[in-house]
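# Report on the structure
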Amino acid sequence: MKLVNDIINELIDTEKSVSSPLLKTKVLASRLQNATLLNWVTKELKGYDCLSELPDYRKFEGNIVGTFIAGSQ
C-alpha cells in the first residue's frame, strides 16, 4: 500500500515534521476503519484530554532549575 510506504518514508526523514505522517496515519486509520488507531493518532495530533489517558512514553519527570537575579531600577 502506497500510503503505508509514504508514512514510513516521512517518519524516517529527519528533515520532515512528524505531523505530516501522523495526518496520513489518520487517513489510513479511517480507510481501514480502525477506531483504536484513529483514536490514538487523533490524541497525538490534538493532545490528550486528561493525565490518566497520557501514555507512558509521554510522561517525564524532572527538576526545574534556574537562576533568578533580583535588580532594582
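Description of the structure in this document.

What counts and what doesn't
Residues numbered from 1 in each chain as written. Predicted model: local features only at pLDDT ≥ 70, side-chain atom pairs only at ≥ 80, totals over all residues. Heavy atoms only, no water. Buried < 20%, exposed > 50% of the residue type's maximum accessible area, 1.4 Å probe, protein only. Helix = DSSP H or I, 4+ residues; strand = E, 2+ residues; numbered from the N terminus. Arc of directions from axis to C-beta. Contact = heavy atoms within 4.5 Å.

### Some points on helix α1 (residues 2–12)
Turning to α1, its buried residues are L3, I7 and E10. What you see down the axis of α1 is that its buried residues fit within an arc of 70°, all on one side. α1 presents K2 and I12 as exposed residues on the side facing more than 90 degrees away from its buried surface. Next to the buried residues of α1 lie α2 (19–32).

### Focus: the side chain of T25
Among the secondary structure elements, T25 is positioned in helix α2. For T25, the residues in contact, after removing those within four places along its chain, are I7, L37 and V41.

### Some remarks on unusual backbone geometry
Its identity is not glycine, yet Q33 carries a phi of approximately 55°, on the positive side. Assessed through its relative accessible area of 73%, Q33 is described here as exposed.

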